[in-house]
Structure formats: C-alpha cells, structure tokens
Number of protein chains: 2
Amino acid sequence: MKVCKFGGTSLASAEQMRKVASIIRADQERRIVVVSAPGKRFKEDTKVTDLLISLAEAALSNGDVEDALRLVVSRYEQIALELKLSVEIIDIIKEDLAARLTMKDDGDREFMDLMKASGEDNCAKLFSFYLQSLGVEAEYIDPKEVGLLVSKEYGNAQVLPEAYENLHRELRNKEGILVFPGFFGYTPEGTLITFPRGGSDITGSIVAAAVEANLYENFTDVDSVFAANPNVVQNPVEIKELTYREMRELSYAGFSVFHDEALIPAFKKGVPVSIKNTNNPGAPGTMVVNERNYMINPVVGIASDSGFSTIYVRKYLMNREVGFGRHLLEIIEDEGLSYEHMPSGIDDTSIILRSSQLTLEMEQRIVQRIEQELQVDDVHVEHDFAMVMVVGEGMRKMVGITAKATTGLARAGVNLHMINQGSSEVSMVFGVKTEDADKAVRELYNDFFVPTKSPVH
Amino acid sequence: MKVCKFGGTSLASAEQMRKVASIIRADQERRIVVVSAPGKRFKEDTKVTDLLISLAEAALSNGDVEDALRLVVSRYEQIALELKLSVEIIDIIKEDLAARLTMKDDGDREFMDLMKASGEDNCAKLFSFYLQSLGVEAEYIDPKEVGLLVSKEYGNAQVLPEAYENLHRELRNKEGILVFPGFFGYTPEGTLITFPRGGSDITGSIVAAAVEANLYENFTDVDSVFAANPNVVQNPVEIKELTYREMRELSYAGFSVFHDEALIPAFKKGVPVSIKNTNNPGAPGTMVVNERNYMINPVVGIASDSGFSTIYVRKYLMNREVGFGRHLLEIIEDEGLSYEHMPSGIDDTSIILRSSQLTLEMEQRIVQRIEQELQVDDVHVEHDFAMVMVVGEGMRKMVGITAKATTGLARAGVNLHMINQGSSEVSMVFGVKTEDADKAVRELYNDFFVPTKSPVH
C-alpha cells in the first residue's frame, strides 16, 4: 500500500486534478491520497488557504463576508465545472463553509483553525467526487471519524499516540481509494486543530506510518530535491537518494521542498519516502531512506539559511566558573529565546540564535543582565549572520571533507565567523556574514559537485 | 625598573645562585628580584618545597620532625657553605623553621601554607645575604611589611586590589636590590596564604604591575618558549615574540613554561614580559607583548592537552526547546563540574569537560538525570579525547588557516571529533582521540612551521 500526498500546486486547477487522478490510477498500490488545499495556478494567484484566512478575518471583524466567501467558492466551482462534476459537490462545499462561519463565537483561534482547514477538507471531498465521476471506487475520509487525534495547540497540533492505532484500524480495512484531507486533526473532545507549517506533509506522514505503507509518495512541483538552491546555483544536480537525517539537516537550513518534521512519523516506522513531480511523474524523483551507501557521494547537499544573530560574551577564566554557561543560558531562556549554537573559546563564548526572535529591548535587557550578573569583560550583539551547511552522511569521514570545504571557502575569500562540527555526524556548519552566504554556497557546491573543476593554486 | 623572577632550578645550588647574582649585576635596571624556593639540582633531586611538605606532614601526624627538618636545613646549608656565607644566615633559617613548627595547631591548611611558603621566604633571605656578601646593596623584603594582601583561600590566594597601592608605595622608594619571596601573601588579618600553582610567577607579575616596571623578566631553564612541545616535535622553533592572548591559549593547552594566570597582573598594567634562561642569559628569549605584527607568522604555536571526556546528548528538535541547554548545564553544574566546550548540531549537543573532574558515580547520575529530566533520545559519555590547538593572532584571517590545518590533519589521517572556532580570534580547537594527539601536533607543526615542505597531493 502506498500513501500519496499532493501539494497545493498539484491540486490548483482542473488540469492538475486530472494529472493527479491519472497518477493514482497508474498504480493500484496508490490507495490513500492525502490532499492539500488548492494552491496557486500562476505566480500572482492566491492560495485557497489565504482566501480562507481573509474570509475568517472578515467574519471575526464582523465585516461583510460575502465577497470573501464568493472568492473561495468560485475556486472550487471552476474546478468542478471544468471537471464536469455535478453541482451537488458545490452545494456540499457551500453548506460546509456556511456552517463553519456560524462557529465564530467559539474563540478566534479555534475559528481560524476551523476555517483554514476547510481548504483541505473540501478539496478532499471534491477530489473524491471527481474520482467517483471517473468510475473509480473512492471515498472521502473524515479525520474525525477515523480518529486522527491531536493535542489542543491551535495551529501547532501534535499527533497523539492513539491516533496511529485508530488510523490503522479504520483505514486498513476500507476498500477503494481513500481521499484524506491534510493539515488538521481533532482533539479527543472533538475540536478541530491544524498542524504547523507543512501540515499536509505531516498528515501524509502520519497516515503512511499508521497504515504501515511500503512507500510514502510526496508529490510536489519539482522533479527532485536539488543539491543546492537553484536560485543560488545554476542547474544544481538532483539528489537521487538521501537519508532522513540528511533531509532533516537540509530542511533545517532552508531547503523548502519538505518540511522536515513532517517526515518523523514515517521515519520512525521505517516507511521510505519518495519525492516526485505531479507534472512529470515519470521522473525518478528523490528517495528518502534510512541508510544509503555514502562512499560515492559523501556530501549530499549544500544549504544555507540567513537571519542569525550572535551574542558574544568574553570573561577571563569563564570556563573555570562552575555555572557560568548555565547562568548565561538562563538569561536567554528568561526572554523566551531558543538558541542554535554556542561555540566557545577559552575565555569567550557566543550564543547564536535566530534574529527573528530578538527585539531591541530584549537585546538591551540581555546585555545589561549579562554585564551585571556575570561580571563579564565584554558582551555585545552582532547581526546579519547566515549558517551555511555541508550535509552528508559521509561527514563521518569528515577529515577530508572539512579540509575540502575550508580550502574552498578560503579560495572564495569567505571569512568564517564560526565553524561548528562536533555533535552531528551529518553536517558541518559555517557561520558567515549574510552577504557572503551565496558565494559560500556556490563555492562549496563547486567543490563537492562539479567533478571536472581544475585545481586553483 | 625591571622585575626579575627566578624559578626553582635557577636557585637550586650555589652555582645557580652565582649565575643569578651575575645576571642581576649585569643590568642596573634589575632592581627587584622575586625568588622561588630552591628546586631540583638533578633529575632525581627533591625540591625544597616537597621537603617542606614532608616536614609539615610529619609535624601534623605528630611524628618525628628532626630528619625531615634536617633535610630542609641542609639544602640551605650547602648553598651557604659553597657561597662562603656567614653561619648567621643558617641560624636565621633554623629559627624561622622552628618558629613555624610551633604553629601547627592553627589549623592544618594554615600550617601547610605557612610551612610551604618558608621555602621561598628563606631563599629570599639567603639570596639577599649573598648579594650583600658580594658588596651589593640588597634587602630582603617581607611581603607582610610591604602589604601584599590576598584573600583567605588556602593554597589559592587571590590578590586584593589594595595590594598594588601598598607595593607601589613601599617598593618604589627603596634603594638597592630588593629580594622578594614568591608564592605567598597575607590576609588583612595577617594570615599567610599561598598562591595556586605557578605562585612565584604570580608574585613577580603582581610586583611588576605594582611598581609599573618597564619589563618583567621571568628567568627559567629554557632559552625560550617553543612553537610545540619538544617531547612531541623534534627541535621545534623558538617563539621570539607572542602576545599575552597567545601565551594564555598555549598555557591553557599544556604549555608548561608559564602558568598563564600569572601573567594577568602584568598584562593589565601593560608591562611586557620576557622569558629568559638563567643558564644562557645572552639568548634573546621570548617576549610576551600586547600586540605583534602577525602578518609574517599568523600562527605562533601548536599545543595539545589530553584528558577530556564528552557527554553526548541527542534529542529531536532540542534547539526548539527553550531552556534545554540551560537545563542540561544545570545538571552538570549540580555535580560541581565546569566544562570547556559545548559544540552542537541540529538535534544533538556535546559537553566537553576535563575527565579528572568526573567519577563513575557522577557519570551515572548525570546520564540518568539527562535521560529522565530531558527525555532525550540518546545520552552517553566518551573518554580519552585530547584538544589540539592552533594558536596565533593571525587566526583573524582564519579562512586560509582553517583550510591549511584541516588539510594537514586529513593528510595525516587524524579523525576530527570536534572543531570549535567561533569565539576566540586567537585559536582553533580540534577534538581528537588521545591516541591521535601527537600525530596531529606533528602534522600541524609541519604545516605551519616547516617552510620547505613539498606539497603532497
């Protein structure tokens, strides 16, 4: 049994839905289809989810909802018309939205989750309707009925352990194609809650794990995962195979194909994941696996992410002071901040964190507290750092890889503000100024992926 | 005005004392002489300080002190005889030791400090006596009389700020050569307390800072500081000049010429330090300065220190958990442990600390608490790591240096378990298994200090 998940662009139009149906019908193993809400059809288009957010906001501010509602319904209507579906499905969707709109007094966050989730939910209904119209045995699955239970954290649902048993029991015995809406689940009390970013990927991964699928196919709009960001590196190579851990590290550092946490349920059950292109289903795509032979390609990708700041602290003999690091991190914690790295010298240490968390007031409070409570010789905050990562299971043989990477960066004149390699066996992180990040990625890509490069001395 | 400090081997015998006197007389600027206790004359010899510890232990256990006392006195006696000094000085030393031995009921630690410090104190008396015998205007200085005030931490005295004013006032106006015993000071209440390891270096540094000397000459038994440990690298080059920061980093990682903390008082007052050889005073030695031109020699030395352990912790999404790092360090702190480095990946982090602090029970408690309180996916402790450091102010241009170092280590087949470069601008730390440390040092030495090495591809 295969679980297939289709992203928003794969379901943005009638034409796209036809492709999806054809993909499903091409392989009898493709039994469960997890769908996103219809996404953008063209660059300036608006995703259905965003239309739904506007609709919810209009309702919450007691404004006129008619226009906003019409924009949502018309997206489904166009698809239904082009697919020559009975008007019945549009009535179902209209009724569904009307019913949801009556719930706006249940709390803003609850209402927002309820409205957003309708994008996936109605898309699943429409798509199952379409499959049926093609003579395919298909069924819309209500996550509530099959027990996809989650925690009550609005917009940040965490799956509950019993959800797996429920889904296993309910889905394994059904016949035909099961069309499952992504992005949301229900608390044991019956409240709808959405998953965080990448929500449909999460649903797909949970369902694949629950039914113990032999493959989780994640259909998106690219042929594969690339070894570097195509906006930075021209025509980067495609990654045929990478491990879960490599995927996670790449996702962390800005690879947007996949939301990394989404993979965890499938990973834990050992379900392999295939990333494929709805628009080119014959392309081999990228396989995400548990183990790979990394002797040939020790490095799988080069990633970078910007938006980091550094809190630099220097104090003579700090590492003799029992409790210094703990106290420093306590000050960070008191501001509700999480940090990424904490490289240290003998008498100094830096805390590297995402700048988006920081406000100027926080910075000032932190600096003041560090000065006063830790009696340091120096403390200051610096901004505009990027983390550039070399990712690959072959990092285990990291001696040569470190040498290659740092030699390349030296050649490119990239100044390294930090190197962190120690814990992870799968990646090496270089801290650089944001302005150097693209240059660093291009150089590292050349070093590890362009075989015919002549040596430069 | 120059302050000269002479170590134990420089004062171990009459012959050595003659060299010291000759060095003092060769430069009128050499006005203050800080002395250690007589050290070893030959490899199997016993330092006077160790004889004094045996004597103190005998006294504390109410054993016979006569033999132990005779061993101490005879060392001074031999020197005095060979230098043809009047027997008066030996009577002074005997009386002093007898008086100290009556104090054994003041508390074991107080008594131990008092006995140990007599080594330096009586050496200073003897040496000033010798200078006088040569017709040199010389005076023994009692640290109590000139106000070398310290905190009441037995064996770990910290100088009090007012000591500098006292010493400045008392010493600047004296005439002739001032012979100052190293290693101890007095609390404001008058209790003798010794400094930690490297104590006479600390005294010299404090005195040099207090009198605002234009040079602090530290005489030892080597011509200079070497760029690597001569026991690991054959005939390493001599370091002509290095900065305080470089000295500190080298000392930290096992360079034993100088106890790094000793330099701080001189450093803070901007007094340059010269490391010279009593047995070859004409050699240029090594200058420790505030700033140097590091364009020619970006790297000044390669050091290594073994005896490190790693506590490895892995938990999925740990860096999203506000407070995770703080909680982890709190567990370490609760065991009274200080740590050196804390490199981190995305989902894992390691705490690197000195193994000597750890017991098996501590390890077990730490692992158990980390498992239970932090709900981690993995935690384990590994031993036998060494930290290999490349030290140099030129690290600011670290791109090329990192590349050079890691390329060398790759060539030597040294597996890197950690790289920490980020905070310190003066060093780069490589974590390796202890068995690889010497190989790493030799390779790095070759890379940075052997100019004619042919490239290896």
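Chain A has the name Aspartokinase in an unreviewed UniProt entry, where Anaerobacillus alkaliphilus is given as its organism. One UniProt comment on chain A, placed under Function (unreviewed entry), says "Catalyzes the phosphorylation of the beta-carboxyl group of aspartic acid with ATP to yield 4-phospho-L-aspartate, which is involved in the branched biosynthetic pathway leading to the biosynthesis of amino acids threonine, isoleucine and methionine."

For the rest of this paragraph, the subject is empty space enclosed by the protein. All told, the structure shown has four cavities of 30 Å³ or more when counted by the stated rule. Estimated volume of the largest cavity: approximately 170 Å³. Surrounding the largest cavity, 22 residues form its lining, Y339 of chain A together with M318, N319, F324 and G325 of chain B being those nearest its centre. At the level of secondary structure, the elements contributing two or more residues to the lining of the largest cavity comprise helix 10 (324-334) of chain A together with helix 10 (324-334) and strand 14 (348-354) of chain B. Looking at which element gives the most residues to the lining of the largest cavity, the answer is helix 10 of chain B, with four residues. The class makeup of the residues in the lining of the largest cavity is 10 nonpolar, seven polar and five charged.

All names here are of chain B. Helix length check: helix 5 (residues 108-133), at 26 residues, gives a terminal C-alpha distance of 37 Å against a target of 38 Å (1.5 Å per residue), a fit within 8%. The sharpest bend along helix 5 comes to roughly 35°, located at S118. Just beyond helix 5, the residue with positive phi is G135, at close to 85°.

Here the focus is the pattern of salt bridges. Tallied over the entire structure, the rule returns 56 salt bridges over all chains. When the shortest N-O distance is used, the salt bridge between D96 of chain B and R100 of chain B registers 2.7 Å. Note that D96 of chain B and R100 of chain B are positioned in helix 4 (residues 88-101) at a spacing of four residues, about one turn of the helix. For the pair D96 of chain B and R100 of chain B, one class covers both residues: buried. A salt bridge links K125 of chain B to D96 of chain B; its shortest N-O distance comes to 3.2 Å. Of this pair, K125 of chain B sits in helix 5 while D96 of chain B sits in helix 4, placing them 29 residues apart in sequence. For K125 of chain B, a relative accessible area of 13% puts it in the buried group. Given a relative accessible area of 15%, D96 of chain B falls into the buried group. Several salt bridges share partner residues, and in doing so they unite D96, R100, D121 and K125 of chain A into one network.

The interface is formed by 56 residues belonging to chain A together with 56 residues belonging to chain B. Contact between chain A and chain B buries roughly 4700 Å² in total, counting both sides, with carbon and sulfur atoms accounting for 54%. For the interface between chain A and chain B, the tally reads four salt bridges. The residue R326 of chain A makes a salt bridge to E333 of chain B at a minimum N-O spacing of 2.4 Å. Seen at the junction of chain A and chain B, the total is 10 residue pairs in polar contact (both at pLDDT 80 or more). Breaking the side of chain A that touches chain B down by element, the ones donating at least two residues are helix 8 (244-252), helix 10, strand 14 (348-354), helix 12 (398-411) and strand 16 (418-421) of chain A. For the side of chain A that touches chain B, the leading source of residues is helix 12 of chain A, giving nine residues. Both strand 16 of chain A and strand 16 (residues 418-421) of chain B contribute to a ladder of three bridges, which runs antiparallel. Its bridge partner being in strand 16 of chain B, Q421 of chain A is matched across the sheet by I419 of chain B.

The next subject is the UniProt feature "binding site: substrate" (unreviewed entry) in chain A. Residue and element names in this part refer to chain A. UniProt annotation of "binding site: substrate" (unreviewed entry) refers to T49 and E120 when read in the numbering used here. The greatest C-alpha distance among the residues just named is 8.4 Å, despite their covering 72 residues of sequence, which places them together in space. Mapped onto the elements of the fold, T49 is located in helix 2 (residues 48-60). Among the residues examined, T49 registers a relative accessible area of 17% and is labelled buried. Residues in contact with T49, not counting those within four places in the same chain, are A37, K116 and E120. For E120, a relative accessible area of 5% gives the class buried.

All names here are of chain A. Per the UniProt entry, the sites bearing "binding site: ATP" (unreviewed entry) are K5, F6, G7, G8, T220 and D221 in this numbering. For the annotated residues, spread through 217 residues, the largest C-alpha to C-alpha distance comes to 12.1 Å, consistent with a single compact locus. With respect to the secondary-structure elements, F6 resides in strand 1 (residues 2-6). Overall, the relative accessible area of 0% leaves F6 in the buried class. With residues near it in sequence (within four places) discarded, F6 still touches L11, V20, I23, I24, V33, V34, V35, S36, F219 and T278. Position of G7 relative to the elements: it lies in the loop between strand 1 and helix 1 (14-25). Here G7 falls in the buried class, since its relative accessible area comes to 9%. Not counting residues up to four positions away in its chain, the partners in contact with G7 are S36 and F219.

Cut-offs used in this document
Residues numbered from 1 in each chain as written. Chains lettered and ligands numbered in written order. Predicted model: local features only at pLDDT ≥ 70, side-chain atom pairs only at ≥ 80, totals over all residues. Heavy atoms only, no water. UniProt positions renumbered as here; feature names shortened; annotations may be inferred. 1 Å grid on protein atoms, 1.4 Å probe; cavity = no way out; pocket = protein on both sides within 12 Å on 5 of 7 lines; lining within 4 Å. Points joined across faces, edges and corners; volume = space filled by probe spheres on them. Helix = DSSP H or I, 4+ residues; strand = E, 2+ residues; numbered from the N terminus. Nonpolar A, V, L, I, M, F, W, Y, C, P; charged D, E, K, R; others polar. Expected span 1.5 Å × (residues − 1). Bend = angle between axes of the 7 residues up to and from the residue. Salt bridge = Lys/Arg side-chain N within 4 Å of Asp/Glu carboxyl O. Buried < 20%, exposed > 50% of the residue type's maximum accessible area, 1.4 Å probe, protein only. Contact = heavy atoms within 4.5 Å. Buried area = accessible area lost by both parts, 1.4 Å probe. Polar contact = N/O pair within 3.5 Å; in protein donor to acceptor, adjacent residues only side chain to side chain. Pairing = 2+ DSSP bridges.

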